[in-house]
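# Fold and geometry: a report
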Amino acid sequence: MSGERSTRAIAWLVYRKELRETLRDRRTLLVMVLLPLALYPLVGVGVSQWVGAQQAAREEQPSRIGIAGRPWPALATALAGKTLRSSELARPPAEREHALRAGAVDAVLTVPEGAEARLAAEGTVELALLYDETRESSSLARQRVLDALARLEKQIRAERLKARSLPPSLIAPLKTVERSTARPREVGAHLLSGVLPMLVVLMVLLGAFYPAIDLTAGEKERGTLETLFTTPVPRGALVAGKFLAVATIATLTGILNLGSLGLTVGLGFGAAFKAAGITGALIPWSALALTALALVPSALFFSAVMVAVAAIARSFKEAQNLLTPVYLVCVLPAMVAQLPGFSLTPLTALVPVVNISLLARDLIAGKAQLLPATLALVATLAYALVALRIAGRIWQSERMLFAPEQRPGAARRAPLRPRPLPAEAAFLLLLVMALILLVGNPLQARGLVSGILVTEWGLIALPVIALVRFGRLEPGAALGLRVPSPRALLGALLAGASAWYLVGVLVESVQQRVLPIPRELLDEIRKTLFSVERPLAVDLFALALSPAICEELLFRGVLLRASWRPSAAGARAASPLATPAAVVLNGLLFALFHLSIYRLLPTFLLGAVLALTAMRTGSILPAMLFHLLNNAAAILAGRQASGVSLEAAGLGSSFSLPLAAGAAALFATGMALLWRSGEGLRSGPAGPRDP
Amino acid sequence: MGIVARELCKRFDPAGPPAVEGLSLEVVAGEIYGLIGPNGAGKTTTLRMLAGLMQPSGGEVWIGGHPLASEAEAARAALGFLTGTTGLYARLSVRELLGYFGALYGLAPAAVARRIDELSALLQFAPLLERRCAALSTGERQRVSLARAVLHDPRVLILDEPTAGLDVVASRFVADFVRDARGRGRAILFSTHYMTEAELLCDRIGLLHAGCKIWEGTPPALKAELEASSLEDAFLRLLARSERQAATEPSA
Ligand SMILES: Nc1ncnc2c1ncn2[C@@H]1O[C@H](COP(=O)(O)OP(=O)(O)O)[C@@H](O)[C@H]1O
Ligand SMILES: [Mg+2]
């Protein structure tokens, strides 16, 4: 009676049933229909009011201008008004900048001695304006002062011409009348392309989220999946039907969101646009329609991933726990793609999620190009197919249907795992890097030390600790948190204190020839990193101790343990790499992590040596000590202004042969001690046994 | 042609004891076989292996003459299986649910409609057909689940603790239904830990303890062999005996 039915017919049957059942689910409907219909108009109204209020508040706030020197009456008049409040700044020149940095004033204008006399003699008065570009109030003050000075200059010019009975046109040979040709449609497109791609990714994901869980883990929890599996149909057909149902819901959610967002921007934002001086922004409907089409492959991709992952879970709740990181992993690239500087190229078209966000942005802005766009769509479909294959595999396995039971009461919790999985480590690294890009770097731009502290402890150490805690890893083994031998500590002490100088010399002699570090970068590093203004203790804590602890936890902890297979652990160990490969990989990752081609060589060397240290001593603590001393030495040297950078980027020429020879001897002794201090985890002399 | 199982084994944990070991049984057409054992004895595991939901670590299964390993779909088509949880799709009506499973079993829509009429009359849930499954009581749910399991009129019926948690009236429904199926020549295997029920209903019983079948035969034969007044009594004596044996020969 069965037998001859095609898999496709069964998948279609399952699809229709799942769709019908899902559309009867209130939670799905809420996410799919109600949320977009209500959310955007509400947010739209809220945002436009908030923006308006902010704008008004800022415009009313007068800028505080500190004036150094004596202003002549006309200048004093020009600098007094509704938006400018000037006061005399009777401080020595060195402290003026300080007043600005401390926020006592928004800008400092220095008036030279004898300005009025020079003006009277028809000369030029040079005014110096000090401002802080990174502070919005200071930038605004600068603009206001410049405007006021321009008006004053125009007035003086007119007076001078008049005194000689010359026409004003004499010094105004050209007059330009400008008008922007951007049509309202394009303005609307530009505004939409800013928010929309990320929102669409977010919403498609959200649309897939609950159905993916409900149709897999939910069915398992309710006990219907077991019944379903007793029917004489291929499992592939069941997976396909369910997957298509989830993808349909996700697509519908995305399209409804697009439509609602477009309408909100078109209608609801009208008032806000007028306030901002944009009149009649139109919605690029045809572009939105194209985007809706491009959304289908991404819905397929997300649904396949979510159906695969949710199938592993035993219950609805467990599936939620599993899918939340998946959700974040998908949202982060979409956020990164929003950063200026990213564009859809044949290369970025291959990066999952990023490609879809960029494509959506280009489509809405009307700038999509055929090749990368096609590539992005094809790549996404291919990834969807791969994810679907994996989902199919998972569904074939018995463990998926009958995961080991958890007995109530009896604490039969799985033992802590000795090492992280390579996939976990990779995910962690990507997460940390995304966090640094999105959160850490902006924070460091605002305040270097506080930014670095937040980055190290909050964005690097915290995720590592979270993985160990919630991934049920055993901290001792998974991070190498073990008491090292005295010999190991002594070795780390010697090698760590001397490494920075050797790396510096090496970089000096090799890198400056191959890839010279630009002067500005050196100055920048010197100015920010080796500022003598900060207390030494602060620098040592923020730039030496914190990175030594946090970065080691990530790199020589999780990443190393996940990627390295000590041969002592035998062939059963799941980690793929033998010692040399793991050392190189660790160095490379450490170098890439620092996101600077100029620091590639020194960070690679340092990372590799630290990896060796952690391996040979079986503990992460010597690596931390090594890292701490290396950074501390560089900071101390940097403060001496002799100019050897953090991780010894070779700033300046402090090379001296005796010094280098001494450092080399110390380093060699330290490394020899480290090499022979191995306990437990080190690689045996026979090397790895299996390929 | 009913159920044949040879030397079934299931090991979840390679280091621990097996959940089921060396279990063989045969249920012929027109027979009710009861698999009896305390919680954790391995009943569900055995039935899942017979239904092709779990891969046995060793042994073979035939359902309705089809080897499960090589002709899985034919074997499943010949089998009606009622799981211990009997979950139903809460947001489908009873008719929609039965229609869905009928289609999954490859029945034509007209045939499904006919079967729904027959079964809803037999199991007395005709007034509930348009109701959502979420709104059914435990007993009603069990009747609908039974109907779902036999929608395609299978020759073999496997039921995992079909009366667990039911009141007397609902249990009676199940018992009558099982007897009716035997009358129509079906092979029926069900598990239970209610001895009285097994005594009343089963033609033969197999006693399961720690994954091993420790006795098989008719209920009267078991009582006679152990000189027990009830099946429950007999079962407890049997357990004590097999535990003594295990203690005297620890190598086994
Ligand atoms: N999926 C599973 N993973 C691990 N162990 C299981 C699994 N299913 C059942 N078991 C174990 O197998 C044994 C038999 O369980 P089960 O067949 O459910 O017993 P019964 O149905 O007779 O109460 C129990 O010890 C149980 O913990
Ligand atoms: Mg059971």
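These remarks concern the structure in this document. (Residues numbered from 1 in each chain as written. Chains lettered and ligands numbered in written order. Predicted model: local features only at pLDDT ≥ 70, side-chain atom pairs only at ≥ 80, totals over all residues. Heavy atoms only, no water.)

## Some details on the packing of helix H11 (residues 285-310) of chain A against helix H14 (residues 370-396) of chain A
Residues and elements named next belong to chain A. Two elements in contact, H11 and H14, have axes whose closest approach is 8 Å; the angle formed by their N-to-C orientations is 20 degrees. Viewed along their axes, H11 and H14 adopt a mutual orientation that is roughly parallel. Here H11 runs over H14; the crossing is left-handed. Counted together, Ala294, Pro297, Ser298, Leu300, Phe301, Ala304, Val305, Val307 and Ala308 of H11 and Leu377, Thr380, Leu381, Tyr383, Ala384, Ala387, Leu388, Ala391, Ile394 and Trp395 of H14 form the full contact between these two elements. (Axes fitted to C-alpha atoms, helices over the stretch in contact; angles between N-to-C directions. Helix = DSSP H or I, 4+ residues; strand = E, 2+ residues; numbered from the N terminus. Parallel < 35°, antiparallel > 145°, perpendicular 65-115°, else oblique. Left-handed = near helix turned anticlockwise from the far one by under 90°. Contact = heavy atoms within 4.5 Å.)

## Regarding the interface of chain A and chain B
Contacts between the two partners involve 29 residues from chain A and, on the opposite side, 31 residues from chain B. Buried area between chain A and chain B, summed over both chains or domains, comes out near 3000 Å², and the portion from carbon and sulfur atoms is 56%. Linking chain A to chain B there are five salt bridges. A salt bridge links arginine 20 of chain A to glutamate 96 of chain B, with the shortest nitrogen-to-oxygen separation between them at 3.4 Å. Taken together, chain A and chain B are joined by seven residue pairs in polar contact (both at pLDDT 80 or more). Every element with two or more residues in the side of chain A that touches chain B is listed here: helix H1 (7-23), helix H7 (184-222), helix H8 (224-229) and helix H15 (398-401) of chain A. Here the side of chain A that touches chain B gets six residues from one element, more than from any other, and that element is H1 of chain A. Tallied by class, residues from the side of chain A that touches chain B come to eleven nonpolar, six polar and twelve charged. (Buried area = accessible area lost by both parts, 1.4 Å probe. Salt bridge = Lys/Arg side-chain N within 4 Å of Asp/Glu carboxyl O. Polar contact = N/O pair within 3.5 Å; in protein donor to acceptor, adjacent residues only side chain to side chain. Nonpolar A, V, L, I, M, F, W, Y, C, P; charged D, E, K, R; others polar.)

## Quick word on the packing of aromatic side chains
All told, the structure shown has 13 aromatic pairs over all chains when counted by the stated rule. Residues phenylalanine 209 of chain A and tyrosine 327 of chain A carry aromatic rings whose centres are separated by 6.0 Å and whose planes lie at 85 degrees to one another, so their mutual orientation is edge-to-face. Of this pair, phenylalanine 209 of chain A sits in helix H7 while tyrosine 327 of chain A is found in helix H12 (residues 316-336), placing the two residues 118 residues apart along the sequence. For the residue pair phenylalanine 209 of chain A and tyrosine 327 of chain A, the accessibility class agrees, reading buried in each case. Ring geometry for tyrosine 89 of chain B against phenylalanine 101 of chain B: centres 6.3 Å apart, planes inclined by 20 degrees, an arrangement best described as stacked. Of this pair, tyrosine 89 of chain B sits in the loop between strand S6 (79-82) and helix H3 (94-104) while phenylalanine 101 of chain B is found in helix H3, placing the two residues twelve residues apart along the sequence. Of the two residues, tyrosine 89 of chain B and phenylalanine 101 of chain B, both sit in the buried class. When the ring centre of tyrosine 210 of chain A is taken as origin, the NZ or CZ atom of arginine 27 of chain A, which lies over that ring, is 4.8 Å away. Of note, arginine 616 of chain A hangs over the ring of tryptophan 675 of chain A, and the distance from its end group to the ring centre comes to 4.0 Å. (Phe/Tyr/Trp six-rings, centres within 6.5 Å; stacked < 30°, edge-to-face > 60°. Buried < 20%, exposed > 50% of the residue type's maximum accessible area, 1.4 Å probe, protein only. Lys NZ or Arg CZ within 6 Å of the ring centre and 35° of its normal.)

## Things to note about helix H17 (residues 448-470) of chain A
Residue and element names in this part refer to chain A. The end-to-end C-alpha distance of H17, which contains 23 residues, comes to 31 Å, matching closely the 33 Å that a straight helix rising 1.5 Å per residue would cover. For H17, the principal kink sits at alanine 461 and spans about 35 degrees; a proline, proline 463, occurs within the next four residues. Regarding H17, the residues found buried are Val449, Gly451, Ile452, Thr455, Glu456, Leu459, Ile460, Ala461, Pro463, Val464, Leu467 and Val468. Lining the buried residues of H17 we find helix H16 (422-446), helix H18 (475-479), helix H21 (536-563) and helix H22 (579-593). One or two residues past the end of H17 sits arginine 472, with phi positive at roughly 50 degrees. (Expected span 1.5 Å × (residues − 1). Bend = angle between axes of the 7 residues up to and from the residue.)

## Brief notes about unusual backbone geometry
A positive phi angle is found at arginine 472 of chain A, which is not glycine, with a value near 50 degrees. One non-glycine residue with positive phi stands out, namely glutamate 227 of chain B, at about 50 degrees. Looking at the element boundaries, glutamate 227 of chain B is found in the loop between helix H8 (219-226) and helix H9 (231-248). Assessed through its relative accessible area of 68%, glutamate 227 of chain B is described here as exposed.

## Examining the packing of H11 of chain A against H12 of chain A
Residue and element names in this part refer to chain A. Their axes nearest at 9 Å, the elements H11 and H12 cross at an angle of 150 degrees. Put simply, H11 runs roughly antiparallel to H12. Note on packing geometry: the crossing formed by H11 with H12 is right-handed. Listed contacts from H12 to Phe302, Val305, Met306, Val309 and Ala310 of H11 are Ala319, Leu322, Leu323, Val326, Tyr327 and Cys330. Among the residues making up the contact of H11 with H12, the classes are represented as eleven nonpolar, no polar and no charged.

## Side note on the state of the cysteines
All names here are of chain B. Scanning all chains against the criterion turns up zero disulfides over all chains. Cysteine 212 forms no disulfide, and the closest cysteine sulfur to it belongs to cysteine 9, at a distance of 8.7 Å. Owing to a relative accessible area of 28%, cysteine 212 belongs among the partly exposed residues under this scheme. (Disulfide = S-S within 2.5 Å.)

## Description of H3 of chain B
Within H3 of chain B, the full set of buried residues consists of Val94, Leu97, Leu98, Tyr100, Phe101, Gly102 and Leu104 of chain B. Along its buried surface, H3 of chain B packs onto H1 and H8 of chain A together with helix H4 (109-122) and helix H5 (138-149) of chain B. Backbone geometry just after H3 of chain B places glycine 106 of chain B at a positive phi near 85 degrees.

## Regarding the environment of threonine 134 of chain A
Residue and element names in this part refer to chain A. Tracing the chain through its elements places threonine 134 in the loop between strand S4 (128-130) and helix H6 (136-163). Taking relative accessible area as the criterion, threonine 134 reaches 68% and is therefore assigned exposed. Here the alpha-carbon distance between threonine 134 and alanine 445, two residues 311 residues apart in the chain, equals 8.5 Å.

## Here's the deal with the pairing of strand S1 (residues 63-68) of chain A
The side chains of a regular strand alternate between the sheet's two faces. Residue and element names in this part refer to chain A. Taking burial as the measure, the six residues of S1 include five buried ones, the bulk of the element. Once you follow S1 into helix H3 (residues 73-78) and on to strand S2 (residues 84-88), the crossover reads as right-handed. As paired strands, S1 and strand S3 (residues 107-110) are joined by four bridges and run parallel to one another. If you follow glycine 66 over to S3, its bridge partner there is valine 108. (Right-handed = clockwise from strand over helix to strand, strands pointing away. Pairing = 2+ DSSP bridges.)

## What to know about the pattern of salt bridges
Pairing between side chains of opposite charge can happen when the charged atoms of each approach one another. Residues and elements named next belong to chain A. This structure, assessed with the given rule, holds 31 salt bridges over all chains. Close ionic contact of arginine 64 with aspartate 106 constitutes a salt bridge, the shortest N to O distance being 2.7 Å. With arginine 64 in strand S1 and aspartate 106 in the loop between helix H4 (93-101) and S3, this residue pair connects regions lying 42 residues apart in the sequence. Its salt-bridge partner being glutamate 424, residue arginine 417 comes within 2.9 Å of it at the nearest N-O pair. Overall, the relative accessible area of 24% leaves arginine 417 in the partly exposed class. A relative accessible area of 18% means that glutamate 424 is categorised as buried. Each of Lys17, Glu18, Glu21, Glu219 and Lys242 takes part in salt bridges that share partners, so that together they form one network.

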